[in-house]
Each structure stands twice: as C-alpha cells, then as structure tokens.
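Residue-level structure breakdown
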Amino acid sequence: MRSMTGYGRGVAEHGDVRATVDIRAVNHRFLDLKLRGAAIPAPLEDAIATRVRGALERGSVTVSVNLARGGGAPAGPVIDGDAAVRAHRTLSALAARLGVPGPDLALVLAQPGVVTTGEPAAGPGDDDSASSATIAALGALGTALGQLGEMRRTEGQALAAELRGRLDELVATRTQLAGLAAAVPQHLARRLVERVRRLTEEVGVDDARVAQEIALHADRADITEELVRLASHLDQARALIDGAGAVGRRLDFLVQEIGRELNTIGSKSATAEITTAIVGAKATLEKIREQVQNVE
C-alpha cells in the first residue's frame, strides 16, 4: 500500500544538457498532473505525462523540469527572427483584409515556430529519435519517480499500520455487538412484560399475545445480517491493506459500506449498550476515513 504524498528529485545529463526534475505529490481523488518548465517541447511533455501516468494512479502531481546547457545557461526559449517576420507579415495581411488593427508582439510570438526551446542539436551517436534535452529529462524523471515511489511506499507502510489498528478496534466492536445482540430478545421480553403488566394491572394478560409482540420487536431489532456484512467488509479492508497496488478507491468504498452497516445497526438499537458501542465505532471509522484519503 502506498501513500499519495511524496517528493522526488532527479538530475541527469546528456550531451551538453543538464536536466533537473522535481516531483511533488499530494492527495487527490484522481490523478491530476501539472507540468511546469520553461518552453518544454510538446513531444517531451507528452513523454513525461505518459511516464508519470504509467507510474502513478492517484494524486495531485506537479512535475517541474529545468533544462540547462553544460555551462549553466538555461536551455530556454529562443526567438526565430525570420519566422517572426513571416508570421507578422501574414497576420498583418489578414488584419488588413478584415479591417482590424494589426498584430501585436504577443500574438506574433504565439505563432508556431517563432519561439523555440533552444535545445542543442543532436550530435553524432545521439539517438536519432530523441534530442539531448529529451534524453536527459527522461533520465532525471526516472530518478525522481524512483525517489517519489520510495517515499510513498514508506509512508504507505505507516498508514497501513495505523489502519490495521483501527480495523482491529472495529473487529472488537463487532464482536461486542454480537454478544449484546444475543441478549436483546430477553431484554425486550422483560421490558415488554413489565410494561404490559403496569398497563393492565389486575386485568388478565394474554400470554400468547405478549409472546407474539416480543417476537415482533425482537425481529425488528435483529442485527444478524448487518453483523455478517460488517464482518465481510472488515475482512475485505484488511486484505486490501495487506495487498499491493492502488487500493485507495476500494478502501474508500468499503469505508462507506461499513458506515452504512453501523448506521443501520444504530437505527435498530434496542439497548443503551448497543447505542454506545455504535457511537464509538463511528468515531473510529471517521479516523479510518481520514487516513484512507491519503492512500493511493
């Protein structure tokens, strides 16, 4: 089991490009990826996104990419003057035809090919399918993802230990509820008989009718089915915690189902002891719910 929070950094060099990649991840219901960096080529953005999505399933993930030449100068944006002139000429002609003001500098710079990344050309022996910047960036990304994964696994182990302890509390409460439920029919019988006798006083009591009422009330207060389902949900939650892979969504679903069973048992409660036990169980479940939000 892994946490959704963590941090990783990777640094790699290829040719005369040095790439530094930082990854920060926090909780999120789904995988929300944000990529930051100056003028990162679209193919590199796609490659980074594919790699991250293949490694992570949930979390708000921010990937910061910094590309620099060997001398330390950023491999940042470079303006292609000829492309800028061509773009301005084309836009100006279009503006004249439409009778609108000519293009400003921002619009010219936004045209494809006007601003480039300035990354170095591939040298002899470089992979023909990737630039030096791309190779360096993906290498740094791999290291950063490794560090992030290790931190998430370490935090996941701590989360798993915490969740196991809370589940053990719910298992103990479930056992307590089963014992309390077994005594409910006798409790209802005593209470109903006493109430009938007080109401009827010296009038004769139909024992068969009283027995029928006792059976009816006991059936309404029966929580056997809820306890069976509760035990199943708790077993499944423990199995998920002890398993591998992304289990956060399934755990979140089981927490909802456990809460549903506890609510039903509480609504059927026939004794103060059962009500008290349910209140405590709900408090424990809320702590589990909060921790499950951190699980990938």
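Described in the following lines is the structure provided in the data block. (Residues numbered from 1 in each chain as written. Predicted model: local features only at pLDDT ≥ 70, side-chain atom pairs only at ≥ 80, totals over all residues. Heavy atoms only, no water.)

Topic: a nonpolar patch on the surface
- On the surface, Leu-94, Leu-98 and Val-100 cluster together to form a nonpolar patch covering roughly 280 Å² of accessible area.
- You can see Leu-94 is positioned in helix 2 (residues 81–98). (Patch = residues over 30% accessible without salt bridge, like charges linked within 9 Å, V, L, I, M, F, W, Y side chains within 5 Å. Areas by Shrake-Rupley, 256 points an atom, 1.4 Å probe, with all protein chains shown as cover. Salt bridge = Lys/Arg side-chain N within 4 Å of Asp/Glu carboxyl O. Helix = DSSP H or I, 4+ residues; strand = E, 2+ residues; numbered from the N terminus.)

Comments concerning the pairing of strand 4 (residues 59–69)
- In terms of residue burial, strand 4 counts as a mostly covered element, since 8 of its 11 residues are buried.
- The pairing of strand 2 (residues 17–26) with strand 4 spans 10 bridges and is antiparallel. Residue pairing for strand 4: Arg-18 is matched across the bridge by Ala-68.
- Sheet analysis places strand 3 (residues 31–36) next to strand 4, joined by 6 bridges and oriented parallel. In the sheet register, Lys-34 faces strand 4, and the bridge partner there is Thr-62. (Buried < 20%, exposed > 50% of the residue type's maximum accessible area, 1.4 Å probe, protein only. Pairing = 2+ DSSP bridges.)

Some words on the pattern of salt bridges
- Applying the stated criterion across every chain yields a total of 16 salt bridges.
- Where Asp-242 meets Arg-164, a salt bridge forms, and the shortest distance between an N and an O atom there is 2.8 Å. Of this pair, Asp-242 sits in helix 7 (residues 224–242) while Arg-164 sits in helix 4 (residues 132–182), placing them 78 residues apart in sequence.
- With its nearest N and O atoms 2.9 Å apart, the salt bridge here joins Glu-261 to Arg-229. Of this pair, Glu-261 sits in helix 8 (residues 248–268) while Arg-229 sits in helix 7, placing them 32 residues apart in sequence.
- Here the residues in one salt-bridge network are Glu-225, Glu-226, Arg-229, Glu-261 and Lys-268, joined through shared partners.

With respect to the side chain of His-233
- If you trace the backbone, His-233 turns up in helix 7.
- Contacts of His-233, omitting those with residues within four sequence positions, involve Leu-254, Glu-257, Ile-258 and Glu-261. (Contact = heavy atoms within 4.5 Å.)

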